[in-house]
Amino acid sequence: MVYKDSVQRASSREETKITGTVTCKTGSTNGIVVDLSDEGICFRLLFDIGARTGQEVTIRTEELGFLSGMVRWARGDRIGIKLNLSSNTAAQISSYYKFFR
């Protein structure tokens, strides 16, 4: 896919199959973290919850814990989430890489 190869990313992404729940003001659904980076997540939704660009969301998984962020894009059953960066978020992601990968 030409587009995917030409995108300049701020940080590399790693494919995952972490199950979890995403919640925004319009609803909540289970799904899968398709890929993860230090700055964001691609989340595949089980049900459409009406998540739109700019909405605040929370993500809860057993492996990553509780994270929050903002929807950067929504395409079909997937949403891209830019994580709210903090030392806690960095520690949670680092812990995932160390213990679950």
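Scroll up to find the structure.
Peer 1: Give a detailed account of the overall build of the protein chain, specifying residues and quantitative values.
Peer 2: If you tally the helices and strands in the protein chain, you get 2 helices and 6 strands. Order of helices (α) and strands (β) in the protein chain, N terminus to C terminus: α-β-β-β-β-β-β-α. Across the 101 residues in the protein chain, those meeting the buried criterion constitute 38%. For the protein chain, contacts bridging at least 24 residues in sequence account for 47% of all contacts bridging at least 6. Accessible surface computed for the protein chain: about 6400 Å², of which carbon and sulfur atoms make up 50%.

Peer 1: Could you give an account of the nonpolar core, with specific residues and numbers?
Peer 2: Of all hydrophobic cores here, the largest spans 21 residues; its most connected members are V22, L36, I41, F43, I59, I79 and I81. Secondary-structure elements contributing two or more residues to this core are strand 1 (14-24), strand 2 (27-36), strand 3 (40-45), strand 4 (56-61), strand 5 (65-75), strand 6 (78-83) and helix 2 (87-99). Apart from the residues lying within four places of it in its own chain, the contact partners of V22 are G27, S28, T29, F43, L45, I49, V57, T58, I59, I79 and I81.

Peer 1: Can you break down helix 2 residue by residue, with the values?
Peer 2: End to end, helix 2 covers 18 Å across 13 residues, agreeing with the expected 18 Å (1.5 Å per residue, within 8%). Those residues of helix 2 lying buried are T89, Q92, I93, Y96 and Y97. Projection of helix 2 onto a plane perpendicular to its axis shows the buried side chains occupying an angular sector of 135°, all on one side. Across helix 2 from its buried face, at more than 90 degrees, point the exposed residues S87, K98 and F99. As for helix 2, its buried residues are in contact with strand 1, strand 2, strand 5 and strand 6.

Peer 1: Just give me the short version of the environment of Q55, but keep the residues and values in it.
Peer 2: Here Q55 is to be found in the loop between strand 3 and strand 4. The class for Q55 is buried, based on a relative accessible area of 11%. Each C-alpha atom, one on Q55 and one on V71, is 5.5 Å from the other, the two residues being 16 residues apart in sequence. Those residues in contact with Q55 that sit more than four places away from it in its chain are C24, K25, T26, G50, G69, M70 and V71. Only 3.0 Å separates the side chain of Q55 from the backbone nitrogen of R52, close enough to count as a polar contact.

Peer 1: Explain the sheet that holds strand 4 residue by residue, including any values.
Peer 2: With antiparallel pairing, 6 strands are arranged side by side around a closed barrel as 1-2-3-6-5-4. In this sheet, adjacent strand axes meet at a mean angle of 45° when their direction is disregarded. Where strand 2 lies against strand 3, 5 bridges are found, and the strand directions are antiparallel. Counted as the bridge partner of V33 is F43 from strand 3. Along the sheet, helix 2 makes contact with strand 1, strand 2, strand 5 and strand 6, crossing strand 5 at roughly 90°.

Conventions and cut-offs
Residues numbered from 1 in each chain as written. Predicted model: local features only at pLDDT ≥ 70, side-chain atom pairs only at ≥ 80, totals over all residues. Heavy atoms only, no water. Helix = DSSP H or I, 4+ residues; strand = E, 2+ residues; numbered from the N terminus. Buried < 20%, exposed > 50% of the residue type's maximum accessible area, 1.4 Å probe, protein only. Contact = heavy atoms within 4.5 Å. Areas by Shrake-Rupley, 256 points an atom, 1.4 Å probe, with all protein chains shown as cover. Core = buried A, V, L, I, M, F, W, Y, C linked by side-chain atoms within 4.5 Å. Expected span 1.5 Å × (residues − 1). Arc of directions from axis to C-beta. Polar contact = N/O pair within 3.5 Å; in protein donor to acceptor, adjacent residues only side chain to side chain. Pairing = 2+ DSSP bridges. Axes fitted to C-alpha atoms, helices over the stretch in contact; angles between N-to-C directions.

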